[in-house]
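Listed here are the chains, written in short residue letters.
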Amino acid sequence: MNEIVENIAAIRQRIDKACRSAGRDPKEVKLLLATKTVAPDRILAAIRAGYPLIAENKVQELKEKYEALQEEPHDNHFIGHLQSNKIKEILRCDVRCVQSLDRLSLAQKLQQRLEFEDKHIDAFIQVNTSGEESKFGAKPEDALTLTREVAKLDRIHIKGLMTIGLFSAETEKVRRCFKLLKNIQQEIIAENIPGVEMKELSMGMSGDLETAIEEGSTIVRVGTAIFGQRQYPDSYYWHEGR
Ligand SMILES: *Cc1c(COP(=O)(O)O)cnc(C)c1O
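Residues numbered from 1 in each chain as written. Predicted model: local features only at pLDDT ≥ 70, side-chain atom pairs only at ≥ 80, totals over all residues. Heavy atoms only, no water.

(A) Layout of the pairing of strand S1 (residues 30–34). Burial analysis of S1 places 4 of its 5 residues in the buried class, the great majority of the element. Inspection of the sheet shows S1 paired to strand S8 (residues 219–222) by 4 bridges, in the parallel sense. Looking at S8, one finds that Leu-33 is bridged to Val-222. As judged from the 2 bridges shared by S1 and strand S2 (residues 53–56), these two strands associate in the parallel manner. When the bridges of S2 are listed, Ala-34 appears paired with Ala-55. For the crossover from S1 across helix H2 (residues 40–48) to S2, the handedness is right-handed. (Buried < 20%, exposed > 50% of the residue type's maximum accessible area, 1.4 Å probe, protein only. Helix = DSSP H or I, 4+ residues; strand = E, 2+ residues; numbered from the N terminus. Pairing = 2+ DSSP bridges. Right-handed = clockwise from strand over helix to strand, strands pointing away.)

Shown next, in the form of structure tokens:
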């Protein structure tokens, strides 16, 4: 467990250093723990170290860990592909923000259920900035329209955008994804859509958080660098047809 605390400290240092070299205040960037495949006791250790912002990719895992995590107050986001028939379950598990809202049909069903339960939820619009067919997310050219439509749903509060950068060792190609998300954010801000906040940019992971911070990230989502390598390839979590 000490190792987790040490890893978090090292990541926080990486974040702070990246902020300083980009001329940004380290307070502008939050660390979100991507906890897929991680057991509850290890997640609890991270929360106790002072990092209560956590997120799962799969509803099944969210449900399995829900009880055990009640021991410590924390803030639950959802970052995986969400099927509309799982909406009830994420609400039952107190997810406060869906970072992976990528289509209107999902938002409409979410709104219906929120009305029924008299609840509200935060959301980020997920954008597929890498152009990879297999990845989830709205197309960049559709993000503004989707934001406009979701803004009409009064139970869903849009707070920003999320993307998964291209998985590549070529930094400049990865950077293009993050720049694109920033541009879309600026475009949406300029539209002044009632009820829409665009403060948050959720981008950057273990391998590319420095680049994301240089391009304006406000939330980096880190798993591997804190909890170690996962047993499953990321394609299991990110791609269609599984
Ligand atoms: C797993 C995951 C992360 C974290 O990735 P690491 O490379 O393990 O840091 C971030 N975002 C999403 C959507 C993920 O599924």
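(B) Broad picture of unusual backbone geometry. Phi at Asp-94 takes a positive value of approximately 60°, unusual for a residue other than glycine. Along the chain, the position of Asp-94 falls in the loop between helix H4 (87–92) and strand S4 (97–101). The residue Asn-192 is not glycine, and still its phi comes out positive at about 50°. Within the secondary structure, Asn-192 is located in the loop between helix H7 (171–191) and strand S7 (200–202).

(C) Spatial organisation of the packing of helix H6 (residues 143–151) against H7. It is at 10 Å that the axes of H6 and H7 come closest, and there the two elements cross at 45°. The orientation of H6 relative to H7 falls into the category oblique. For the pair H6 and H7, the sense of crossing is right-handed. Residues Ala-143, Leu-144, Thr-147 and Arg-148 of H6 lie in contact with H7, whose contacting residues are Ile-184, Glu-187, Ile-188 and Glu-191. By residue class, the composition of the contact of H6 with H7 is 4 nonpolar, 1 polar and 3 charged. (Axes fitted to C-alpha atoms, helices over the stretch in contact; angles between N-to-C directions. Parallel < 35°, antiparallel > 145°, perpendicular 65-115°, else oblique. Left-handed = near helix turned anticlockwise from the far one by under 90°. Contact = heavy atoms within 4.5 Å. Nonpolar A, V, L, I, M, F, W, Y, C, P; charged D, E, K, R; others polar.)

(D) Broad picture of the nonpolar core. Leu-101, Ile-156 and Leu-161 are the most contacted members of the largest nonpolar core, which totals 40 residues. Elements with a minimum of two residues in this core: helix H3 (59–69), H4, S4, helix H5 (104–117), strand S5 (121–126), H6, strand S6 (156–162) and H7. The biggest single contributor to this core is H7, with 5 residues. Ignoring any residue separated from it by four or fewer positions in sequence, one finds Leu-101 in contact with Leu-106, Ala-107, Leu-110, Ala-123, Phe-124, Ile-125, Gln-126, Leu-146, Val-150 and Ile-156. With 23 residues, the next largest nonpolar core counts Ile-8, Cys-19, Ile-213 and Phe-227 among its residues. (Core = buried A, V, L, I, M, F, W, Y, C linked by side-chain atoms within 4.5 Å.)

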